[in-house]
Amino acid sequence: MKRTVACLLALILLMTLFSCGEEDSTPKDSEGLVYTALSETTCEVSGRGTCLDEDIRVPETSPDGKKVVAVGGYAFQNDTTLKTISFPKTVTSFGAYAFAGCSSLEQLSFPDKLESIGIYAFSRCSSLTTVFLGSSLVNVDDGAFSGCGEMSYCFFRGDSTQFGKVQVGNGNSAMTMNLYYYSAKQPNTSGKYWYYQNGSVRIW
């Protein structure tokens with residue numbers, strides 16, 4: 001009887017520890033960011049505020065319940081402590097100079113619904129090597145990726161025809177020269193293409 005009780009207690013303890021581990025491993029949205037209302041139901045992230053995170057996760061809704069649809073102009077300009085930032089699927093635009101001078105950023109994955117990248121939005125992100133662009137992209141303003149000399153890969157989640165409709169401003173050669181189009185099958189045409197294999201990026 002005592003042995004049975006001991007086994008049950010041990011099992012409960014293991015289950016508790018396992019549950020705690022799962023909870024701790026779940027990414028949490030960053031707190032303390034500053035938001036500016038755009039309408040009664042939407043807002044943009046407009047600054048770091050009291051958030052001390054080096055790896056920021058922008059939430060889908062602000063503390064007062066408004067949907068986050070943009071990162072405002074100058075929001076994180078010259079924030080050299082920012083290492084990574086994750087965006088919710090609701091974000092459709094980045095404002096002018098939003099991340100200019102964020103010299104510690106290395107990789108960025110933009111939401112599929114992102115349509116517009118403002119002027120000099122990621123300029124002087126000198127450590128940026130890899131960017132993932134959604135196929136809903138419509139406009140990339142002048143100098144959005146100027147001064148990004150370390151960029152080696154810009155993975156577009158659409159094909160060349162879709163990217164041909166994107167308005168790309170001057171000073172974005174770091175993006176255009178390293179652009180790869182998505183293709184689930186090995187393409188028959190020349191160019192740079194990429195695909196997923198077991199959840200990892202591969203280049204044709």
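Residues numbered from 1 in each chain as written. Predicted model: local features only at pLDDT ≥ 70, side-chain atom pairs only at ≥ 80, totals over all residues. Heavy atoms only, no water.

Student: Before we move on, could you go through the sheet that holds strand β13 (residues 179-182) and cite the residues and values that matter?
Tutor: Strand order in the open sheet made by the six strands is β7-β9-β11-β13-β14-β15, with mixed pairing throughout. The outermost strands of the open sheet, each flanked by one partner alone, are β7 (107-109) and β15 (200-203). Here the strands of the sheet are splayed against their neighbours by 30° on average, with no regard to which way each runs. As judged from the four bridges shared by strand β9 (residues 130-133) and strand β11 (residues 153-156), these two strands associate in the parallel manner. Within the sheet, the bridge partner assigned to phenylalanine 132 lies in β11 and is phenylalanine 155. (Pairing = 2+ DSSP bridges. Helix = DSSP H or I, 4+ residues; strand = E, 2+ residues; numbered from the N terminus. Axes fitted to C-alpha atoms, helices over the stretch in contact; angles between N-to-C directions.)

Student: Mind laying out the side chain of serine 183, listing which residues take part and the relevant values?
Tutor: Checked against the element boundaries, serine 183 lands in the loop between β13 and β14 (193-197). With a relative accessible area of 14%, serine 183 lands in the buried category. For serine 183, the side chain forms a polar contact with the main-chain oxygen of lysine 185, separated by 2.5 Å. Beyond its immediate chain neighbours, meaning those up to four positions away, serine 183 contacts Tyr193, Trp194, Tyr195 and Trp204. (Buried < 20%, exposed > 50% of the residue type's maximum accessible area, 1.4 Å probe, protein only. Polar contact = N/O pair within 3.5 Å; in protein donor to acceptor, adjacent residues only side chain to side chain. Contact = heavy atoms within 4.5 Å.)

Student: Tell me about the packing of aromatic side chains, residues and numbers included.
Tutor: By convention here, two paired aromatic rings are described through the distance between centres and the angle between planes. What the rule picks out here adds up to 25 aromatic pairs. Both rings, one in phenylalanine 155 and one in tyrosine 180, keep their centres 5.6 Å apart while their planes meet at 45°; by these two values the pair is tilted. One end of the pair, phenylalanine 155, is in strand β11; the other, tyrosine 180, is in strand β13, and 25 residues separate them in sequence. Note on accessibility: phenylalanine 155 and tyrosine 180 belong to one class, buried. Ring geometry for tyrosine 182 and tyrosine 196: centres 6.5 Å apart, planes at 50°, overall tilted. Remark: tyrosine 196 occurs in strand β14 and tyrosine 182 occurs in strand β13; sequence separation between them is 14 residues. Through pairs of rings, three or more aromatic residues link up here, namely Phe76, Phe87, Phe94, Phe99, Phe110, Phe122 and Phe145. (Phe/Tyr/Trp six-rings, centres within 6.5 Å; stacked < 30°, edge-to-face > 60°.)

Keep in mind these values describe shape, not function.
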